[in-house]
Amino acid sequence: MSSKASDQEPTGALFKAGKIIDILADNNGIGPAEVAAVSGIPRSSAYRILDGLVQVGLVKVNQDDTYSLSLSWLDLSDVARSSLTEWPKAYDLLAELTTLTGQTSFLTVISGFETVCVECAQGQSFDALILRPGGTLPFFAGAAGRVCLAYSDEQIQEDYLQQAPFEGYNENSLVTSDALCADIKQIQKRGFAISNEDITIGVASIGVPIFSQSNGRVVGALSTGGFVDAMMPRCEELAGQLKVYVNRLGAGRPLDSISE
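Each chain carries its own residue numbering, running from 1 in the direction its sequence is written. Where totals are concerned, whole chains, interfaces and linings use all residues; where local detail is concerned, this predicted model gives features only for residues with pLDDT of at least 70, and gives and counts side-chain atom pairs only at 80 or more. Only heavy atoms go into the side-chain values, all of them from the structure, while hydrogens and water stay out.

## Looking at the overall build of the protein chain
Stage number 1. Helix and strand definitions here come from DSSP, where helices need a minimum of 4 consecutive H or I residues and strands a minimum of 2 consecutive E residues; each element is numbered from the N-terminal end. A count of helices and strands for the protein chain gives 10 helices and 8 strands.
Stage number 2. Residue exposure (1.4 Å probe, protein chains only): buried if accessible area is under 20% of the type maximum, exposed if over 50%, otherwise partly exposed. Considering the protein chain as a whole, with its 260 residues, one finds that 46% of them fall into the buried category.
Stage number 3. Any two residues whose heavy atoms approach within 4.5 Å at even a single point are treated as in contact. Long-range contacts, defined here as pairs at least 24 residues apart, represent 56% of the contacts in the protein chain between residues at least 6 apart.
Stage number 4. The protein chains shown are the only cover counted for residues, whose accessible areas, like all others here, come from Shrake-Rupley with a 1.4 Å probe. On the protein chain, roughly 13,500 Å² of surface is accessible, and the fraction owed to carbon and sulfur atoms is 51%.

## Describing the packing of helix H6 (residues 142-150) against helix H8 (residues 177-190)
Each pair of packed helices can be summarised by the angle the axes make with each other and by the distance between the axes.
Stage number 1. Interaxial angles span 0 to 180 degrees and are taken between N-to-C directions of axes, which are lines fitted to C-alpha atoms, for helices over the stretch in contact. One can describe the packing of H6 onto H8 by two numbers: an axis separation of 9 Å at closest approach and a directional angle of 85 degrees. The orientation of H6 relative to H8 falls into the category roughly perpendicular. Judged by residue contacts, Arg146, Val147, Leu149 and Ala150 of H6 engage Leu180, Asp183, Ile184, Ile187 and Gln188 from H8.
Stage number 2. In the scheme used here, Gly and all other residues not listed as nonpolar or charged are polar, with Ala, Val, Leu, Ile, Met, Phe, Trp, Tyr, Cys and Pro taken as nonpolar and Asp, Glu, Lys and Arg as charged. Taken together, the residues of the contact of H6 with H8 break down into 6 nonpolar, 1 polar and 2 charged. An angle below 35 degrees is treated as roughly parallel, one above 145 as roughly antiparallel, one from 65 to 115 as roughly perpendicular, and anything else as oblique.

## Things to note about the packing of aromatic side chains
Stage number 1. Side-chain rings of Phe, Tyr and Trp, where Trp is taken by its six-membered ring, are said to pair if the distance between their centres is within 6.5 Å; with planes under 30 degrees apart they count as stacked, over 60 as edge-to-face, and otherwise as tilted. Using the criterion set out here, one finds 7 aromatic pairs in the structure.
Stage number 2. A connected cluster of aromatic rings, assembled from ring pairs, spans Phe113, Phe139, Phe140, Tyr160, Phe166 and Tyr169.
Stage number 3. Positioned over the ring face of Phe192 is Arg190, at 5.4 Å from the centre of the ring. A ring is considered to have a charge above it if a Lys NZ or an Arg CZ atom is located within 6 Å of its centre and within 35 degrees of its normal.

Pasting the structure below:
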């Protein structure tokens, strides 16, 4: 076996395990054959990865031989949240923002070419939203992902867009390089991203970037989401409120400086 192949195999296995975990997060109690079909992973590999996840306690086998995520994820979630020393009062601020807007508020951070939700405060339309703490969304989808893409380094943008076209969630998803390039320019011009039914029909979200104090790079996003009729008429208002709360998080420089 070549050195190159051996270097790539662990990464490939982790990627497949990540896909399976995402599927289990969206489908509580799913059979191994369906996991393989949904993930596109060969059935033998899917079985092997599921067994491995069971052995380390991250997945459990149900009485009907389906698989679900174990309660260990609750402990991991608590540890992850407590380690977010950059935002020690994140939930309190999100809850305050949700009370102010009436909509669900999300704090997400960048992981590779995805955004990971690390905290949220439930608003009126929470059940209609697919994102939950620990859940991920790609850069091309949703306000948080697209605002993070828009303020990422040009090299990161170029590397990501080379993977286009992406498999969208519906006909409103921006999946081509041209569409995303145009979106990046628009986001940078107005200072926030608008997700208008590009993930879930009937749902919209607004997102603003969060920058690192140490190097000025985008590290995540603060966003708010809800039913489209309640969100779209208030885009500017909601974006302004999000910018205020980003500054109050204490992790980023003032949003007004990003266009200077």
